[in-house]
Amino acid sequence: ALDAALNDDSLASAFVAQLLAAPTASELMQGLENVDPGALVDARTQTRADVAAAISNSLSASMERTQTPGAYDPGAEHAGKRSLKNASLSLLVAAGETTLAVEQARNATNMTDEAAAASILAQTSEPARATVLDAFYEKWKTNTLVVNKWLAWRSVRPDDQALSDIKSLLSH
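Note that the coordinates shown come from a computational prediction; the quantities given were computed from them, not determined experimentally. (Residues numbered from 1 in each chain as written. Predicted model: local features only at pLDDT ≥ 70, side-chain atom pairs only at ≥ 80, totals over all residues. Heavy atoms only, no water.)

Novice: What am I meant to see in the pattern of salt bridges here?
Specialist: Side chains carrying opposite charge are able to pair once their charged atoms draw close together. On inspection of all chains with the given rule, the structure shows five salt bridges. For Glu114, the salt bridge goes to Lys139, with nearest N and O atoms at 3.1 Å. Here Glu114 is found in helix α8 (residues 111-122), whereas its partner Lys139 is found in helix α9 (residues 129-140), with 25 residues between them in sequence. By relative accessible area, which is 6% here, Glu114 ends up buried. The exposure class of Lys139 is partly exposed, given its relative accessible area of 48%. (Salt bridge = Lys/Arg side-chain N within 4 Å of Asp/Glu carboxyl O. Helix = DSSP H or I, 4+ residues; strand = E, 2+ residues; numbered from the N terminus. Buried < 20%, exposed > 50% of the residue type's maximum accessible area, 1.4 Å probe, protein only.)

Novice: I would appreciate a short explanation of helix α6 (residues 76-94) in the present structure.
Specialist: What sets the pattern is the α-helix's 3.6 residues per turn: residues three or four places apart point alike. Taking 1.5 Å of rise per residue, the 19 residues of α6 would be expected to cover 27 Å, and the 27 Å separating its terminal C-alpha atoms lies within 8% of that figure. For α6, the set of buried residues is His78, Gly80, Arg82, Leu84, Lys85, Asn86, Ala87, Ser88, Leu89, Leu91, Leu92 and Val93. Looking at the buried side of α6, the elements it contacts are α1 (2-6), α2 (13-20), α4 (37-54), α5 (56-65), α7 (98-107) and α8. (Expected span 1.5 Å × (residues − 1). Contact = heavy atoms within 4.5 Å.)

Novice: Could you clarify how one ought to interpret the layout of surface pockets in this entry?
Specialist: Empty pockets left among the atoms are what a rolling probe the size of a water molecule brings to light. Of the pockets and cavities examined, the largest pocket occupies roughly 860 Å³. Along its surface, the largest pocket is lined by 34 residues, and Arg44, Arg48, Ser90, Ile120 and Gln123 are the ones closest to its centre. Of all the secondary-structure elements, those providing two or more residues to the lining of the largest pocket are α2, α4, α6, α8 and α10 (144-154). Looking at the lining of the largest pocket, the element that brings in the most residues is α6, giving seven residues. A class-by-class count of the residues in the lining of the largest pocket yields 19 nonpolar, 11 polar and four charged. (1 Å grid on protein atoms, 1.4 Å probe; cavity = no way out; pocket = protein on both sides within 12 Å on 5 of 7 lines; lining within 4 Å. Points joined across faces, edges and corners; volume = space filled by probe spheres on them. Nonpolar A, V, L, I, M, F, W, Y, C, P; charged D, E, K, R; others polar.)

Here you go:
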């Protein structure tokens, strides 16, 4: 169904982007008792990777179709395209295609795409994660609201370095 939606030009990009969004771990835990949060997060992560691997060609094609070159346009059509492009990117990164996010972060012509790539990479152990996050901070450090997002991204690292990253932020 997701593959078909990605290839159906009659559907609005913003709608397809919503279809690609997996429920969050906290949404999955609602109403459940005796949940192992670690196991649930691991299962969610693996499911996203499996789905992305199964539809990777359509996700890649979607990213190509939803590019918005030229001047930034905040209108609904372009916003929907950016949303779908970044939802596709998120799933491709879940399947291990982190290079796409690094490239988008470096080459983005608007903050929406740059922030999407940085936040997606923040949730990985990708070696370029720190470089992308540091570059994002340097570019946007005078904007308090954007720095608050950056701080949140720095705290979501999925490996054993997360605690040390959070501690380092205390002296930031």
